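Residue-level structure breakdown
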Amino acid sequence: MTILRVALNQTETHPSYIALANYSDRLEEQTDGRLRLDIFPNETLGAQAEVLQLLSDNIIDLGIISGSQMENLSEDFLVLNMPGVFDSVEHQMPVVHDPEIVGELYTSLEDSNDITVMGGFTQGSRHVYVKNEISSLADLDGVKIRVQESELNLAMIRALGGSPTPMAFGEVYTALQSGVLDGAENNEVSYYTQNHYEVAPFFTNTNHLVGLDYMVASTEMLEGLDPADRQLLEDEWINTYQDHTTLWGAATDEAIEATKAGGATYLELDQQEVKDALAPLADEFLTTPVQRELYDKIRAAAPEQEG
């Protein structure tokens, strides 16, 4: 029997855990119990930086790793974290599983770190939510918005007109409640599960970023698998990320319904205004020909440019 250990930083109720559990069930069923996953949620195996080291050392087999962590290994992963690089989840998911676009990036760490990227789970579209109504980007002028601590995230909120305020995620509710923050940026699921709608009731559709978690594998593990088992692992990964996308969509719909029932108001912004505001960040942060080429390939794959 082959048991592959998977590190996850989410709970057992999160779409990522459910999709991975379904993945394991399909692998086990198709191999008569010979191949399955052992999933360790809630950062049981350590924070993501530690998990990357464990993968590199072939101590564990698979891990779900955020895009910002991958940037620490290769600056080229920054491209897929750029605000505005993806228009939607529907744009993102085909791209991050298209070997013509991301194949070289996903294998680029095999020699240096002994890890291979298999694909990704969406984190959904991220938007701005605040205490007072926002009807245009001009209304964000000086508004204190919580961001994750990175130069790219700070620049993103500045580009939208806000005042970026780095802060730990767990401190956001109290900071919104006390007035230290005027708002934050995240997806609908976190808006709901963290109860942020109680203290920032205006959710504005900026769609400035579509977040991504990667499925990262130990290269040594992959190369050591029976070829048929490796093929099955890769084939069933396709069903897994599609399953996750469906689960994420359902969780997003549930979150919107629940937060509206709790008093939240959802507002629309001119998406072209947002895109125009974010566009200069590409020239600022994409500093190599490889990064620029990858960015351009992703933008060319946007649905509205088809045909």
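For the structure given in this document, a descriptive report is provided here. Note that this is a predicted model, so its numbers are computed, not measured.

The calculated volume of the largest pocket comes to roughly 1300 Å³. Taken together, 50 residues form the lining of the largest pocket, with Asn 9, Gln 10, Gln 123, Arg 126 and Gln 148 sitting closest to its centre. For the lining of the largest pocket, the secondary structure elements donating two or more residues are helix 1 (15-30), helix 2 (48-56), helix 3 (67-71), strand 4 (115-130), helix 7 (151-159), helix 9 (188-193), strand 8 (202-218) and helix 11 (227-261). The residue inventory of the lining of the largest pocket, partitioned by class, reads 17 nonpolar, 25 polar and 8 charged. Computed from the structure, the second largest pocket encloses a volume of approximately 310 Å³. As for the second largest pocket, its lining consists of 17 residues, and the residues nearest its centre are His 97, Pro 99, Tyr 106, Val 117 and Met 118. Contributions of two or more residues to the lining of the second largest pocket are made by helix 5 (99-107), strand 4 and helix 11. Counted by class, the lining of the second largest pocket contains 10 nonpolar, 4 polar and 3 charged residues.

To continue, consider the packing of helix 5 against helix 14 (residues 289-300). Contact geometry of helix 5 with helix 14 gives a least axis separation of 10 Å together with a crossing angle of 150 degrees. The pairing of helix 5 with helix 14 is recorded here as roughly antiparallel in orientation. With respect to the hand of their crossing, helix 5 and helix 14 are arranged in left-handed fashion. Packed against helix 5, whose contacting residues are Glu 100, Ile 101 and Leu 105, the element helix 14 presents Leu 294, Lys 297 and Ile 298 at the interface. Taken together, the residues of the contact of helix 5 with helix 14 break down into 4 nonpolar, no polar and 2 charged.

Bringing the packing of helix 1 against helix 11 into the picture now. Between helix 1 and helix 11, whose axes approach to 9 Å, the crossing angle comes to 145 degrees. In the crossing of helix 1 with helix 11, the sense of the turn from one axis to the other is right-handed. The segment helix 1 lies against helix 11, with Pro 15, Ser 16, Ile 18, Ala 19, Asn 22, Tyr 23, Arg 26, Leu 27 and Gln 30 engaging Leu 232, Leu 233, Glu 236, Trp 237, Asn 239, Thr 240, Asp 243, His 244, Leu 247, Trp 248 and Ala 251. For the contact of helix 1 with helix 11, the per-class residue count stands at 11 nonpolar, 6 polar and 3 charged.

Take Gln 291: it is sitting in helix 14. Sequence-distant contacts of Gln 291, defined by excluding residues within four places in its chain, comprise Glu 75, Asp 76, Leu 78, Val 79, Phe 285 and Leu 286.

Reading guide: rules and limits
- Residues numbered from 1 in each chain as written.
- Predicted model: local features only at pLDDT ≥ 70, side-chain atom pairs only at ≥ 80, totals over all residues.
- Heavy atoms only, no water.
- 1 Å grid on protein atoms, 1.4 Å probe; cavity = no way out; pocket = protein on both sides within 12 Å on 5 of 7 lines; lining within 4 Å.
- Points joined across faces, edges and corners; volume = space filled by probe spheres on them.
- Helix = DSSP H or I, 4+ residues; strand = E, 2+ residues; numbered from the N terminus.
- Nonpolar A, V, L, I, M, F, W, Y, C, P; charged D, E, K, R; others polar.
- Axes fitted to C-alpha atoms, helices over the stretch in contact; angles between N-to-C directions.
- Parallel < 35°, antiparallel > 145°, perpendicular 65-115°, else oblique.
- Left-handed = near helix turned anticlockwise from the far one by under 90°.
- Contact = heavy atoms within 4.5 Å.

Read these as layout, nothing more, since geometry by itself doesn't imply function.
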